[in-house]
Structure formats: C-alpha cells, structure tokens
Amino acid sequence: MYLTTEYTITINISLWSSTALSIIDCVDYNFSESVQRAKSVQDILTACPDLKYSENEDSPGSANLVCQTCSRYKSETKLYNSGTGIFALPVVDLGAELKDIKRTNKWFSNLKVSIRRHLDTSKTHIDAKQYFKSVEERKSRLRNKNLLAATTVVRTAYLSIKLGDSFASITPRLANLALAGADLGQKNHSYAVPPQVVDETAILIEEQVSSYFTRPLVQTGNPPWFGLITDKITTSQRTRQMTSARLVNLSRDNPLAPLIINIYLGHPPCDDKSGRGLAQNIIDLLLKHQISSRHSEKRFVGFSIDGEYVNLGILKHFLDLNLIDESLGEHYEIWDPAHVIERAVLDAFKNAPILQKHIKWLQEIVKEVQYGNAYEHLLKAAESIEMVLLKPKIFKTKKFVVDCEKVYRSFFNNYKAIAAALQELMPSSTAESCLRHMTDKNFILSISFLSCICSVLAASSSNFQRYDSLVNDVFNHYENLIRSLDEILNMIEEESFDNCFYMKTYSDAAKEIEKGEFKGVPTIGRNTLWHHYRSLVTENIFAKFKLYIVALKSGLERRLSSTIDNTSLKSYAGFLNLLYSAITPHTFQTTYKPDVISTLMKVPVRNVEIVIEKMCRYLTKIAKGVGSEFDFNQVLRQMLIDPACYENLPTNVVDGLIMILTIPCSEAIAETQGSSIDLLHTRYKRTDDDDTRLQNELKIKLMGPEPCSAQGESLVKIVATRMAAKHSFLSVSQKMGPAITKILTKKYSLPFKFST
C-alpha cells in the first residue's frame, strides 16, 4: 500500500485504535473528581481508561499504573521522559483482591494526588494529548480525501455503465476528469480497478435484490408474490436463458415509483433445451438468489412466455421439479400476446397466397434500388423531383408488424422516386419486372391494405408490450383488436373502407388510382407506366382480404384461448376493470365472478361487493387528488402504500389484490433485457472468460437506480465507502495512476505530471 508520511502515522496508531479513541475522549474530560472519589485502584482504572495496570518485571513484588497517552507519545516521538506517567504500587491481582486495598493507606492517597496532578497540570501529558488529537485530525482529513476520490471513481464507473458504456470506458472517463482538474487521488487508477468497482456495486445490488423476495410486506406481513418472465437468447454462438422476476413495488421511499418492477436474475447457458432442462435452469437461478422451492410453492404466481415455452410445458415442469401440488393453488401461463400477433400474421399469409406474392414483389423492388449504382439513381431521381427521400428498408417477412408497417410506409413515400430510378435502370430485366409490379393495381391495393392492417396490429402489439401491463390490459386490448378486425371484416363484405379511419391509407390509394395519379405517377393515359404495364387479369382482391382477416382472427383466438377462456384470469380482469371504472368510465365487457374473487381473497361471497365498493371509494378519492394527469397503475399503488387505505382493508384482500397485480402479462422486458445482453456479448467478443463481468454489468445496467438520483447517490456512497476501506486512492509518488497517465500522454503527447 502506498502511503504518505502522515498516513504512516495514522496506520501505526490504527493498531491501537480503541486506546487512541479513549485518549481523545479523555481530552476534554476532567478526571480529578472521579479519581478523588476512587476507593480502590480498580475504581481509578474504571474512572480513567487512559491508565493501564502493569506488573514490573525488573522489580518483583511491585507494579505500575502506566499512562498510555504518555507511553505511546514516547514511542512515537522519542522525546518524552521515561519516568513521567508511571505510578508505582504493590503487586495485586486484577479482580476482587484489588478492591481490598483500602483508601486509608497513605500511599493510595499519594497515588491519587499524583495521578490528578499528572492528568490536569502536566505539560508533557497535555502535549501528548494535543499530539494525538492532531494525528486523529490528520487521519480524518486523509480518510475523507480518500473517500472523496473513491466516490468520484465509483460514480464515474456507475455513470459509464448506466449510460450504455462498458467498464472499459471508465478509465478514459477518469482521465478526462483528471485533465479537467477533478480530485481523484493518485493510486489505483489502473485497468484492474474498474472491474473491482463493478463487482462491488453488483454485489450490493444483488444483496438488495435478494431481500426483495424474502422481506415481508408492511401491508400483509407476507413476502411478496413473484412471477417469472423467461426467454432463450443466442449470444456468441451459445444459447442462454434470460430470466426476470416481476414484483409489485410497494416501497414508500419514492411515491412516484412504478407499480411493477422487473428484476433481472441472470442469463446462464442452457445446454439441455428440453422443457425439464429449462425449468431446472430457472430453479438453479432462483436458488442462487435465495429463493427456495418452499418459497416458490407459497408465493409464485406464473410465467409470461412465448409459444416455444408453451409447447415445452415449462410451467408443468417447473411445478414438478419444485414439488408443488397444482391443486393447492392456481399458477398461470400467459402466452405473450405480442408474440401471438406475429405468429398469427405468418399463418394468415398462408391462407392468402396472393398477398404473400405481393410481399415478395415488394421485397424485389426494395432490393433492386437499395444498393450500389441503383441507389445512386434513386438519390438523383429524388433530387430531380425535389422530394425528401426516406431510406428504403429491406423487407423480411419474419420482422415484427411494427417493422413491416415502417417498410410499407417507406415504400409509398418513395414511390415516385423509386419509379423514376427503375426507369433509369432500363432495359434491365429486373428493373422492368419491378416496374410491372409497381403498376399493378392489385399490388398497390394489397400493400396499402397490409399497411393499414399492420398499423392496427402494431398499435395493439405496442399496448401488449408494456412491461407493467395488468391482467385486465390483456383482455381489454384483445377485445379492442378483435372489435377492429370485425369492423374491417364487415367493410370487406361491403367492398368499401371509406368510413374507417384506420383504413385511410387504403382508401386514399384507391381514390388516387381512380383519379389518374398515384403518388405523383400518372395512372391514366396511353403514354403512362400504368398503361404500358397494365395487368390483363383482374382478380377480386376483396375476397383475398377476407381470407386473410378470417385467418388472422382465427390464429389470435386459437393461441390466446388458454388465457382469454381461463375463468380465474377473466374474473381478475373483470375485477380490475371494475376498480378502473371508479377512476374513469369505460366500455370494456370483461366482468368478474364473485365466487372466484371470494376464493382468492378469502372473504364470504356476500362481502365481495362491499370490499370492492370500499376500494372504489379509495381509488376515486386518490384520483381526484392527483387530478386529470393520472395512471391507473399509479392510483393503485397509492392506495396500496397509504396506511389509511390498506389498514382499513382485510389483510387477505390486500394480499389477493397484490397477487392479481403480480401476474406477468407481457414478455417485452425479456426482449429489452435480451438486447442489452446481446450488445455486451458482441462488445466483448467472448463468452466464458467475461461471463462474471457481463453478469455484473447487466445487474448494474438493468437493476441499478437512476444515476444522480437519491437512490443512485446512496448506492454510490455505500460502494465508495467499501472501496475506500479496502483501497487507498492516495500515493506517495504524487503521480496519477499508470493507466490514466498512459492515456493522457498518448492522447495529448504531453509529459503530464499530476500532484495534489
């Protein structure tokens, strides 16, 4: 350890820390009265902890009371008279026999007088006390300086990771801070320190995360319910299983905190990809966070997963491996509705081959003008017609509907420029084929129809992908989606979309074609592209649209039936809808069954309505206090953290409500966290060697509080205190650490010298 001269003294006296603190405590205290009242040597030692009983080895039969302040002062400075601060007395046993030495002995009275005179008036003793007081002050200054440097380093590391960088960027950031004049100390700014900071921070976050599962809630006295969200990801050519836990956040520290929190647990490799192997992988991860099978049996509510996990029967395997009897309680397996939409779209194309054919045409057109000289022609064409070109996106049928909708929109926005660019590429056979496709009326109507349908599906998918979705959100958004598809189906029967606002793109396209100009390209006339490449066969495109929508609806209903038709989930959704109606009117149709709510909350059926009415009154009152800017989740959370509300409700009712809110309804958080995992693995280019580092960085990035917030600063200070206790950031060399010095001298080519 690198130390200054001042700090060397501090370390020396730290070996005698308890005595040193006693000495400092004695400085401002007058011991004369206590010593005067002493009736034995033991009383003197009790009254003045600065004195220590010591037998004299050179003179058997005698002993001394030694002033530790003076003795230590002599050892440190070599300036003190060896006889001062030593008081002779007969040899006695420490304990009961010491009390038998009566105060009537003359030597005892003289002893007390000598001690009082030494403590109160001896210049050398006063000098010794002042010396150690100054040493303690210097120690405190150095400790604070070291802590300040550690805090800056830790805060920089925390910011780097939370802002999306890796630990590798911490040292360059520290170098820039040092260049700007920040007080970082000198030592430990090497490439070995950032990982230590990351590890220490991750350990603290993991301790807090583990406590979330086991700490009883104030509202119920029980540990919180938890659900699991899991998905497989492939990074660095290795399959891993990412798992997160969903809990209800009822902490009162931050009133504006979200109702739902998703805790990243880890992404260990999964060699066994069977349902049982994946379930065992999850159980091992839970045990690592002190979540036992017994705890899972009592507080686990269910999974939110994709279709692959549903087919593997992950819930059944999880319950079997944890020895959980399914009959003792209901556990729910919700197929993520956003994934269901994607699967339903792919299946729907199989029932409408002409739409699938038009999708392939669109892919050919976009690919034709996206690269090389063709793209240069596209740019020139856009400049010549003075239009803003949106970069065309290559189309893949397996993309999410949100991405498909962007592709369609980009194609229509660039339609005129693409047509002009393809004409420049003539007589290329592929360019001619693309122009033929672009001037096909059914193709334009199909793509505009799919664009409208994708916008409806994308809106629903976005609603389903909220990480804090509740059970009623799944039912309500599904109800809206089916209602929209039914409305579109009725309009297909009438072969008109004029009165449907979300089919506006199709209506506008059809009207433009009939009027004679589509996106600035003439459609009527003998010398137009549309006339030259006109289709000789006209199909009834509306019949194909109907097949597509019917297949889409059927796919959604078939895959979500396990959720929508579940009596308990349906009742929970209806129960939450009833609470929601206390805040704002709505037209959602899902209702609850009193007997299901009665069983969950353990109240008589006749009392269910009374309990719900009481909750509705609380929610209405809270919503009025919040004003027009309110969120249902936030209002629910305010009710659950307000003692005036939850203390007036039965504990079983509050516990049941928390269980309903905990049921995971979306796998979106797995997609988000999976992207972060993939990004880090791509950055490091390795898997096994950096696995621990990756896990720790992800814990900070995904679970750490926001930087510079109250919780974030509290975390930084705790980690900095731990780091400062283990490491000194101060150095006798008075130079910046080698890593920072190397970066600065290399970057700026100057012989930097840092000192404090």
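In this text the structure is predicted, and so the values were computed from the model without any measurement.

**Some details on the overall build of the protein**
At step 1: For the protein, the helix and strand inventory stands at 34 helices and ten strands.
At step 2: Counting all 756 residues of the protein, 51% fall into the buried class.
At step 3: By sequence separation, contacts in the protein at least 24 residues apart represent 72% of the contacts at least 6 residues apart.
At step 4: A total accessible area of about 36,100 Å² is found for the protein, and carbon and sulfur atoms account for 51% of it.

**Let's talk about the pattern of salt bridges**
At step 1: Considering all chains together, one arrives at 19 salt bridges under this definition.
At step 2: Between Arg-559 and Asp-347 there is a salt bridge; the shortest N-O distance is 2.4 Å. Placement of Arg-559 in helix α24 (residues 541-564) and of Asp-347 in helix α14 (residues 337-350) is noted, with a sequence separation of 212 residues between them.
At step 3: Given the relative accessible area of 9%, Arg-559 is considered buried.
At step 4: The exposure class assigned to Asp-347 is partly exposed, which follows from its relative accessible area of 21%.

**Some details on the nonpolar core**
At step 1: In terms of nonpolar packing, the biggest core is built from 133 residues, with Phe-449, Tyr-548, Tyr-572, Phe-575 and Leu-579 touching the most fellow members.
At step 2: Residue contacts for Leu-579: discarding those within four places in its chain leaves Ile-612, Met-615, Cys-616, Leu-619, Phe-632, Leu-636 and Leu-657.

**A few points about the confidence of the model for the protein**
At step 1: Counting all residues, the mean pLDDT for the protein is 78, and 79% of those residues have values of 70 or more.
At step 2: Taking the mean pLDDT of every element in the protein, the minimum, 29, falls on helix α1 (residues 5-14) and the maximum, 94, on helix α30 (residues 651-662).
At step 3: Note on residues 93-99: pLDDT under 50 across the span, and ten contacts to partners over four residues away in sequence or across chains.
At step 4: Scored below 50 in pLDDT, residues 749-756 makes 16 contacts in the model with residues more than four places away or belonging to other chains.

**Here we look at the sheet that holds strand β5 (residues 238-248)**
At step 1: With mixed pairing, five strands are arranged side by side in an open sheet as β6-β5-β4-β7-β8. Taken across any chain shown, the strands that pair with only one partner, and hence form the sheet edges, are β6 (260-266) and β8 (332-335). Pairwise comparison of adjacent strand axes, ignoring direction, gives a mean angle of 25° for this sheet.
At step 2: Where β5 lies against β6, six bridges are found, and the strand directions are antiparallel. Looking at β6, one finds that Ala-245 is bridged to Ile-263.
At step 3: Against the sheet, helix α13 (residues 314-321) contacts β4 (226-235), β7 (300-305) and β8, and its axis sits at roughly 150° relative to β7.

**Here we look at the environment of Met-723**
At step 1: Mapped onto the secondary structure, Met-723 falls in helix α33 (residues 710-726).
At step 2: C-alpha separation for the pair Met-723 and Val-154, spaced 569 residues apart in sequence, amounts to 8.6 Å.
At step 3: Setting aside anything within four residues of it in sequence, one finds Met-723 in contact with Val-154, Gln-196, Val-197, Glu-200 and Phe-729.

**Section: the side chain of Ser-460**
At step 1: Within the secondary structure, Ser-460 sits in helix α20 (residues 441-464).
At step 2: Exposure remark for Ser-460: the relative accessible area of 8% places this residue in the buried category.

**Remarks on the pairing of β4**
Looking along a regular strand, one sees the side chains alternate between the two faces of the sheet.
At step 1: Counting buried positions over the ten residues of β4 gives nine, a clear majority of the element.
At step 2: Of the strand pairs in this sheet, β4 and β7 are connected by three bridges, and their pairing is parallel. Along β7, the bridge assignment pairs Ile-229 with Ser-304.
At step 3: With nine bridges joining them, β4 and β5 adopt antiparallel strand pairing. Of the residues in β5, the one forming a bridge with Leu-228 is Ala-245.

**Re the packing of aromatic side chains**
At step 1: Scanning all chains against the criterion turns up 21 aromatic pairs.
At step 2: When the centroid spacing of 4.8 Å and the interplanar angle of 50° are considered together, the rings of Phe-300 and Phe-318 count as tilted. Taken together, the residues span a long stretch of sequence, with Phe-300 in strand β7 and Phe-318 in helix α13 at a distance of 18 residues.
At step 3: For Phe-300, a relative accessible area of 2% corresponds to the buried category.
At step 4: According to the relative accessible area criterion, Phe-318 is buried, its value standing at 0%.
At step 5: Ring geometry for Phe-412 against Phe-518: centres 5.9 Å apart, planes inclined by 85°, an arrangement best described as edge-to-face. A residue pair is termed long-range when its members are at least 10 positions apart, and Phe-412 in helix α17 (residues 401-413) and Phe-518 in strand β9 (residues 517-518) qualify at 106 residues.

**Description of the packing of α17 against α20**
At step 1: Here α17 crosses α20 at 140°, and the two axes come no closer than 8 Å. Here α17 lies oblique to α20, going by the angle between them. α20 is crossed by α17, and the crossing has left-handed handedness. Packed against α17, whose contacting residues are Val-401, Val-402, Cys-404, Glu-405, Tyr-408, Phe-411 and Phe-412, the element α20 presents Phe-443, Ile-444, Ile-447, Ser-448, Leu-450, Ser-451, Cys-454, Ser-455, Leu-457, Ala-458 and Ser-461 at the interface.
At step 2: Within the contact of α17 with α20, the residues separate by chemical class into 13 nonpolar, four polar and one charged.

**Things to note about the environment of Pro-337**
At step 1: With respect to the helices and strands, Pro-337 occurs in helix α14.
At step 2: A residue is classified by how much of its surface remains accessible, and Pro-337, at 1% relative accessible area, is buried.
At step 3: Between the alpha carbons of Pro-337 and Asn-463 there is a distance of 9.7 Å; along the sequence they are 126 residues apart.
At step 4: If sequence neighbours within four positions are ignored, Pro-337 has contacts with Phe-464, Val-474, Leu-560 and Cys-665.

Definitions and limits used
- Residues numbered from 1 in each chain as written.
- Predicted model: local features only at pLDDT ≥ 70, side-chain atom pairs only at ≥ 80, totals over all residues.
- Heavy atoms only, no water.
- Helix = DSSP H or I, 4+ residues; strand = E, 2+ residues; numbered from the N terminus.
- Buried < 20%, exposed > 50% of the residue type's maximum accessible area, 1.4 Å probe, protein only.
- Contact = heavy atoms within 4.5 Å.
- Areas by Shrake-Rupley, 256 points an atom, 1.4 Å probe, with all protein chains shown as cover.
- Salt bridge = Lys/Arg side-chain N within 4 Å of Asp/Glu carboxyl O.
- Core = buried A, V, L, I, M, F, W, Y, C linked by side-chain atoms within 4.5 Å.
- pLDDT = per-residue confidence, 0-100.
- Pairing = 2+ DSSP bridges.
- Axes fitted to C-alpha atoms, helices over the stretch in contact; angles between N-to-C directions.
- Phe/Tyr/Trp six-rings, centres within 6.5 Å; stacked < 30°, edge-to-face > 60°.
- Parallel < 35°, antiparallel > 145°, perpendicular 65-115°, else oblique.
- Left-handed = near helix turned anticlockwise from the far one by under 90°.
- Nonpolar A, V, L, I, M, F, W, Y, C, P; charged D, E, K, R; others polar.

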